[in-house]
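Architecture at a glance
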Amino acid sequence: LEEEEHIVEVLRERARHLADNGIEQNFWVVPEPAFLDAMPEVAKRVARPCAAFVSTDEEWLTFIKLRMDRVLKAEFTASGEVADVLRSNDTNPTLTAANRTPEATPPPGPERTAKGYKDEWSAVYDKYDSNWWNKFLPPQ
């Protein structure tokens, strides 16, 4: 997520839109989602660390998917409590290069852009700190 320089603004705008319209937040960022443990075929296809966007709004999920790179969209019906879907295997997530698996690490040099990464951070603002997503985490 730290390579997606615009995602923080998209999430903040969505939260503001919902609040302005009196709608309860209906999306969450779930770091290392526990539900992947029950989906081994899907889990094999996901680089680590990972995060899931979980929402009751399918249209918004399509919107967010189209604005991100390296996304796997899956759909399922929860058989238990909502809290089970929002459960994380990492209750204190951080986004740093040190905790990425090799397949989730952008390659160096020309191969970086060939694989779809930008050459460098191009936004006019500094990178967000590693705790930017705390307000979008599911309630504890």
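Residues numbered from 1 in each chain as written. Predicted model: local features only at pLDDT ≥ 70, side-chain atom pairs only at ≥ 80, totals over all residues. Heavy atoms only, no water.

Thoughts on helix H1 (residues 7-20)
Applied cut-off: To qualify as a helix, a DSSP run of H or I must reach at least 4 residues; to qualify as a strand, a run of E must reach at least 2; elements of each kind are numbered from the N terminus. One less than the residue count of a helix, multiplied by 1.5 Å, gives the span that helix is expected to have. Burial status follows relative accessibility: with a 1.4 Å probe on protein chains alone, a residue under 20% of its type maximum counts as buried, one over 50% as exposed, and anything between as partly exposed. Working note: the arc is built from the helix axis to C-beta atom directions. Working rule for contacts: check all heavy atoms of both residues, and any pair within 4.5 Å makes them a contact.
Between its terminal C-alpha atoms H1 stretches 20 Å, which fits the 20 Å expected from 14 residues at 1.5 Å a residue. Within the sequence span of H1, burial applies to Ile7, Val8, Val10, Leu11, Arg14, Ala15 and Leu18. Buried positions in H1, seen along its axis, are confined to an arc of 165° and lie on one side of it. On the buried face of H1, the contacting elements are strand S1 (27-31), strand S2 (51-55) and helix H3 (58-66). The positive-phi residue at the C-terminal boundary of H1 is glycine 22, with phi of around 65°.

Some remarks on the nonpolar core
The criterion, for reference: For the purposes of this section, nonpolar cores are sets of buried Ala, Val, Leu, Ile, Met, Phe, Trp, Tyr and Cys residues that join through side-chain atoms within 4.5 Å.
The biggest cluster of nonpolar side chains holds 14 residues, and the ones touching the most others in it are Ile7, Leu11, Phe27, Phe53, Trp60, Ile64 and Phe136. Sorting the residues of this core by element identifies H1, S1 and H3 as the ones contributing at least two each. The leading source of residues in this core is H1, at six residues. When near neighbours in sequence (up to four residues on either side) are disregarded, phenylalanine 136 contacts Leu11, Arg12, Ala15, Gln25, Phe27, Trp28 and Val29. One finds Ala43, Cys50, Ala52 and Val54 within the second-largest nonpolar core, a separate group that totals twelve residues.

Points about the confidence of the model for the chain
Condition: Confidence scores per residue from the predictor, reported as pLDDT, run from 0 to 100.
Confidence in the prediction of the chain, expressed as mean pLDDT, is 76, and 65% of residues score 70 or more. By mean pLDDT, the top-scoring element of the chain is H3 (89), and the lowest-scoring one is helix H5 (residues 110-114) (70).

Things to note about the packing of aromatic side chains
The cut-off we apply is this: To pair, rings of Phe, Tyr and Trp, with the six-membered ring standing in for Trp, must have centres within 6.5 Å; the planes then decide the type, stacked if under 30 degrees apart, edge-to-face if over 60, and tilted in the middle.
Counted according to the given criterion, the structure contains two aromatic pairs. When the centroid spacing of 4.8 Å and the interplanar angle of 40° are considered together, the rings of phenylalanine 27 and tryptophan 60 count as tilted. On the criterion of sequence distance, the pair formed by phenylalanine 27 in strand S1 and tryptophan 60 in helix H3 is long-range, its members being 33 residues apart. Judged by relative accessible area, which is 5%, tryptophan 60 ranks as buried. Between phenylalanine 53 and tryptophan 60, the aromatic rings sit 6.3 Å apart at their centres with planes inclined by 75°, giving edge-to-face as the arrangement. Taking the relative accessible area as the measure of exposure, phenylalanine 53 reaches 17% and is therefore buried. By way of ring pairs, the aromatic residues Phe27, Phe53 and Trp60 are connected into one cluster.

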